[in-house]
Amino acid sequence: MKVDYLICGAGATGLSFLDVILSETDATVAIVDRRDAPGGHWNDAYSFVRLHQSSSFYGVNSRPMNRPRTAADNVDAGTFELASKSEVLHYFHDLMENTYLPTGRVTYLPMSEVVGAGRVRSLISGKETEIEITKKFVNTGTLSDLASIPALHKRPFAVADGVVCVPPNDLPRHAPDHEAYTVIGAGKTAMDAVVWLLRQGADADQISWVKPSDYWLFNRDNILNHPSHFMTTMRSFQGELEALATSATIDEFCAKMEKIGIWHRTDAD
């Protein structure tokens with residue numbers, strides 16, 4: 001096989017690169033991924049994950065992710081929709097099947113890995129394919145290798161006999177069997193798990209939250225990536241620069257960012 005570009009990784013980064021190559025050149029491309037479908041780590045994410053930014057700011061250049069719409073529920077009401085896992089995966093699957101492959105310039109090799117310069121091995125059959133690259137090998141899988149997906153890593157601690165310890169992927173299946181929940185971690189995944197439990201009707205007293213760190217969080221309302229919120233976002237950036245310019249210490253800066261409403265904490269204490 002002979003192609004201009006060999007792309008390793010069919011996640012958001014790899015597909016974004018592929019999208020530009022197909023739109024702006026007449027190059028041929030082979031794209032290789034260890035998963036059985038495009039979308040990268042979204043394939044491994046928990047079912048209730050959503051984008052942390054508006055859908056209008058995600059995806060590839062040639063196609064908006066979805067029609068602009070605002071969320072209807074009381075937590076995010078009035079803010080621009082944050083795409084769900086199923087929406088993101090459908091978007092990437094549809095691009096591959098109905099936009100990229102029909103060009104005739106793309107060879108898609110799922111369930112495969114790059115094992116050397118121009119050599120690709122099937123994870124199912126073990127068969128190796130030699131690919132002659134005329135322009136560039138593009139490795140977009142680096143971030144996935146560095147990232148920690150809860151469903152895929154081995155937990156670094158032991159649990160007592162009788163304790164059910166699951167990644168968030170299994171929470172919807174196991175939650176009905178329990179009356180109390182302990183969420184371990186302080187990042188977005190842990191926050192998503194706590195919010196999911198509350199939205200499903202769990203009482204706050206049923207949830208214990210173990211947080212090794214306590215983060216300053218951006219107030220999303222001040223940094224929405226959408227033209228209709230341009231002035232609000234610019235004022236937020238201005239406020240941040242003024243806080244930086246007038247603060248003598250990191251603690252003073254953090255306090256000012258909270259006071260002007262750009263940052264906040266889950267618990268101010």
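Residues numbered from 1 in each chain as written. Predicted model: local features only at pLDDT ≥ 70, side-chain atom pairs only at ≥ 80, totals over all residues. Heavy atoms only, no water.

Chemist: Explain the overall build of the protein chain here, please?
Modeler: Secondary structure summary: the protein chain contains 7 helices and 11 strands in total. Buried residues in the protein chain amount to 36% of all 269 residues. For the protein chain, restricting intrachain contacts to residue pairs at least 6 apart in sequence, the fraction spanning at least 24 positions comes to 63%. Approximately 16000 Å² of the protein chain is accessible, and the part contributed by carbon and sulfur atoms is 53%. (Helix = DSSP H or I, 4+ residues; strand = E, 2+ residues; numbered from the N terminus. Buried < 20%, exposed > 50% of the residue type's maximum accessible area, 1.4 Å probe, protein only. Contact = heavy atoms within 4.5 Å. Areas by Shrake-Rupley, 256 points an atom, 1.4 Å probe, with all protein chains shown as cover.)

Chemist: Any chance you could explain a nonpolar patch on the surface here in plain terms?
Modeler: A cluster of nonpolar side chains, Phe230, Met231, Met234 and Phe237, forms an exposed patch at the surface whose accessible area comes to about 400 Å². Among the structural elements, methionine 234 can be located in helix H6 (residues 230-245). Overall, the relative accessible area of 34% leaves methionine 234 in the partly exposed class. (Patch = residues over 30% accessible without salt bridge, like charges linked within 9 Å, V, L, I, M, F, W, Y side chains within 5 Å. Salt bridge = Lys/Arg side-chain N within 4 Å of Asp/Glu carboxyl O.)

Chemist: Help me understand the sheet that holds strand S4 (residues 112-116), please; the structure alone is not making it clear to me.
Modeler: Hydrogen bonding along the main chain pairs the strands of a sheet, whether they run parallel or antiparallel. The sheet built from 3 strands is open, its strands ordered S4-S5-S6 with antiparallel pairing. Each of the sheet's edge strands pairs with one partner strand only, and the pair in question is S4 and strand S6 (128-130). Strand-to-strand twist of the sheet, defined as the mean angle between neighbouring strand axes without regard to direction, takes the value 30°. As judged from the 4 bridges shared by S4 and strand S5 (residues 119-122), these two strands associate in the antiparallel manner. Directly across from serine 112, in S5, lies its bridge partner serine 122. (Pairing = 2+ DSSP bridges. Axes fitted to C-alpha atoms, helices over the stretch in contact; angles between N-to-C directions.)

Chemist: Sorry if this is basic, but what is going on with the sheet that holds strand S1 (residues 2-8) here?
Modeler: One open sheet holds the 4 strands; their spatial order is S3-S2-S1-S7, and the pairing between them is parallel. Pairing within the sheet leaves two strands with one partner each, and these edge strands are strand S3 (106-109) and strand S7 (132-139). Looking at each pair of strands side by side, their axes are set apart by 20° on average, direction ignored. By the bridge criterion, 4 bridges tie strand S2 (residues 29-32) to S3 in an arrangement that is parallel. Residue valine 32 lies in a different strand from S3, and its bridge partner there is leucine 109.

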